[in-house]
Amino acid sequence: MNRDGNRLCLNFDPRTKILLLIELDIILFMGHSLIYETCVLLFCSLILAIGGQRKSAAKFLTVYMVFVVMQWFVDPYVEIFIFSLLHFITVCVRKLLPCIMLGKWLIATTEVSSFVAALWKMKIPRDVIITTSVMFRCFPTIKEEWESIQIAMKMRGIDLNMKRMVTSPVRTMEYLFVPLFISVLNVSDELAAAALCRGLDKPGHHTCMEPVCFRWFDYVFMMVATIWLFVMCALWIRGYAV
Amino acid sequence: MIEMKDVSFCYAQSDTESLCGVNLSIADGECILLCGKSGCGKTTMTRLINGMIPDFYDGELKGEVLVNGINPISSPLHEISDMVGTVFQNPRTQFYTMNTTSEIAFGCENRGMEPDAIRKRVTQAAEDLGIQGLLDRNIFQLSGGEKQKIAFASIYAVNPEVYVLDEPSSNLDCFAIRELRSILELLKAQGRTVILAEHRTWYLEELVDRAVYMEQGKIVREYSMQELKRFTMEERIETGIRPVSLSDYPLSEKKSVKSDKYLSVQDLRFAYKKETALQIPDAKFQAGNITAIIGKNGAGKSTFVSALSGIFKKQKGTVCMDGKRQNPKERVAVSYMVMQEVNHQLFTDSVEEEIVLGTQGLSADRLEHILEQMDIADLKERHPMTLSGGQKQRVAIAAAVFCGKKILIFDEPTSGLDFSHMMQTVILLQKLKSPDTYIFVITHDYEFILSACDEVVQIEMGCIKEKYSLNIKSLKKLRDFYQIN
């Protein structure tokens, strides 16, 4: 978890993170050129780098570059089925990369309590807060459950591998998702029960030990993203393509 | 003051009453133990007191419940949460945040306290419970016992008058249980009312004022801890209450299975991210034995059995089974682990399909035989997820036996079980003994070890510290480990 003063990084308000995630996702799909996409991705990498995730910013940048180069290599052969499939996959993943980056950043650097406090400040209805925050809390648990289910599958000789994914994909997926869904359901139930017993749904003012407030960098980044979005909308209405 | 008058409750999805005609009155500052077999209604009692019924669990209620003059049924859950704090059974799923400090602060934050006041409460709670060293840590990296202490601290910070504890010890080792006991002593000294639903009683002897024994939703009678202490084996099986005193618990005679087959380990090593987690120079296990793997949380018990069964690819060293050297892949094929979270290993939509999964051309007679042996023949068509915990466990074991697995590993099979269900697991394990099967049980459960295991392996810092077959002579070693005198 990143904190002020611990490292050289800015601790954004969770509301800023949510807004950036939404705005940049829209911005991403408003342009089509490679340069435009690269700009969006660089902006996201900048956010990650100063928001406390320098390593993963670098990782995503590398992945992006690999995909661009790969597409460049594959392009001349798109008439061949395998290559066109490959082309399709690379473009899809590349397109979605900024969403994945910001989503991961939001979850990895936000403490659930400040997330909840931010939602209360946004005057979001109580039921929505409870559901979203339980979901938010579930991600790391899903990871734990996933690892344990993989071991169980291995011991039954039905582990996830390439061969099985190709020969019987539906079955293999079923074996993975049936236990996963059931345990996630159980876990989220128990989580919600424990949280409600500690007053998660109390009406009135909720606070946070780590103060949740906007600071200068929150305003700067929100401004940049919002102006960008407006400019794109204006261009789009006038019929310019970027 | 907690008052229950003629209370009956029936869950919405069920046709039988979980509580019928319960009368109970608990004075301020009392420590009450709710005991009885699984399904006797003790958890339902706790849910009535902490207000989870009817906000979280719907159903039909008759009678009257009052907690300090407030009716928890008609008032909203968050109002009761000021007065009643709850610690649940599973330390894994009662956390809302990912950082220990912010977890302890969570309850205060929900009450809109000022950040400075919250910080003071968090520091105070950590000091009182002696967990300053656990502050500002990632919760996912804590052991079960540490998690349970954080759960207590997060309730303690809110300072409720009543503590409701639903089987708080079931996932803990004996050292963590002793620490739990000192927390309870503190609460009692502060005059808090404590209501515990629990099977284990050895850590409660001096704490509990009254033990309320329940059967099928009714309060049958009340015992003092002295009376529980005098229980015979038969009475324990009948009531499901575990022994109050471990020191006079008897070592059982076990069926011995003769075998000349061995699982031998040479220079077995494994490292997580370059940090040595396991180092076993030499060890030998005889087939037909049940071996208990004991050790503190984080000592390397799971790592040991995982390496033995070949789950890790990158382990070093050799393992020979029945005289033949076997690589990890070959060992995975003959190993099976019955996990604590048994839901993780049920994949299909019927019991029969579950058992035959991954096998080919094995006979129907054999299937019938195993279904009989595991006592699940009449559940053949059922969906595994509709079964009870014990039944699910038996389905998982049946699958392992049907696939012809030779190394069977059980991860805490008796945690959270009452005495009679624990004894059923003991009998089940005895049935699995055969001259070519190796059975390993990771466990904290002293009574279980004495009733079921032939051999004990104590793991410490990734090494085998002690290895002995369990008999009257070696019992002292086990007792020393558990600090029972």
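The model shown is predicted, which means the values in this text are computed figures rather than measured ones.

What counts and how
- Residues numbered from 1 in each chain as written.
- Chains lettered and ligands numbered in written order.
- Predicted model: local features only at pLDDT ≥ 70, side-chain atom pairs only at ≥ 80, totals over all residues.
- Helix = DSSP H or I, 4+ residues; strand = E, 2+ residues; numbered from the N terminus.
- Buried ≥ 20, exposed ≤ 12 C-beta atoms within 10 Å, placed from the backbone.
- Contact = placed C-beta atoms within 7 Å.
- Domains from an automatic or database assignment.
- Nonpolar A, V, L, I, M, F, W, Y, C, P; charged D, E, K, R; others polar.

**Focus: the overall build of chain A**
Within chain A, the regular secondary structure consists of nine helices and zero strands. Element order for chain A, N to C, with α for helix and β for strand: α-α-α-α-α-α-α-α-α. C-alpha atoms of chain A, sized along the principal axes, occupy 60 × 55 × 35 Å. Residues counted as buried form 31% of the 242 residues belonging to chain A. For chain A, long-range pairs separated by at least 24 residues make up 71% of all intrachain contacts whose partners lie at least 6 apart in sequence.

**Considerations on the environment of Lys163(A)**
Here Lys163(A) shows up in helix α7 (residues 162–167). Once the C-alpha coordinates of Lys163(A) and Val91(A) are considered, the two residues, 72 residues apart in sequence, prove to be 25 Å apart.

**Details of the interface of chain A and chain B**
Quite often, the size of an interface is put as the accessible area lost when its parts meet. With 43 residues of chain A in contact, the opposing surface of chain B contributes 47 residues. Looking at the side of chain A that touches chain B, the elements that each hand over two or more residues are α5 (112–121), α6 (126–155) and α8 (169–196) of chain A. Element by element, the count of residues in the side of chain A that touches chain B is highest for α8(A), at 13 residues.

**A closer look at α5(A)**
Taken across its 10 residues, α5(A) has nine buried, putting it largely inside the fold. Buried within α5(A) are the following residues: Val112(A), Ser113(A), Ser114(A), Phe115(A), Val116(A), Ala117(A), Ala118(A), Leu119(A) and Trp120(A). Where α5(A) is buried, its residues contact α1 (14–28) and α6 of chain A together with α4 (100–110) of chain B. One or two steps after α5(A), the chain reaches Lys123(A), where phi turns positive at roughly 60°.

**Observations concerning the domain arrangement of chain A**
Residue and element names in this part refer to chain A. Segmenting chain A into domains produces domain 1 (2–110 + 214–238) and domain 2 (115–197). Computed from C-alpha atoms alone, the centre-to-centre distance between domain 1 and domain 2 is 25 Å. Counting residues at the interface gives five residues for domain 1, matched by five residues for domain 2. Looking at the side of domain 1 that touches domain 2, its residues break down into two nonpolar, one polar and two charged.

**A few points about unusual backbone geometry**
Cis geometry is adopted by the peptide bond preceding Pro54(B), which originates at Ile53(B) and carries an omega value of 5°. With respect to the helices, strands and loops of the structure, Pro54(B) is situated in helix α2 (residues 52–55). Here the phi dihedral of Lys123(A) falls at roughly 60°; this positive angle occurs in a residue that is not glycine. As for its placement among the helices and strands, Lys123(A) is situated in the loop between α5 and α6. A tally of 6 C-beta atoms within 10 Å means that Lys123(A) is categorised as exposed. Positioned with a positive phi, Asn68(B) is a non-glycine residue whose angle comes to about 50°. Along the chain, Asn68(B) falls in the loop between β4 (59–67) and α3 (77–80).

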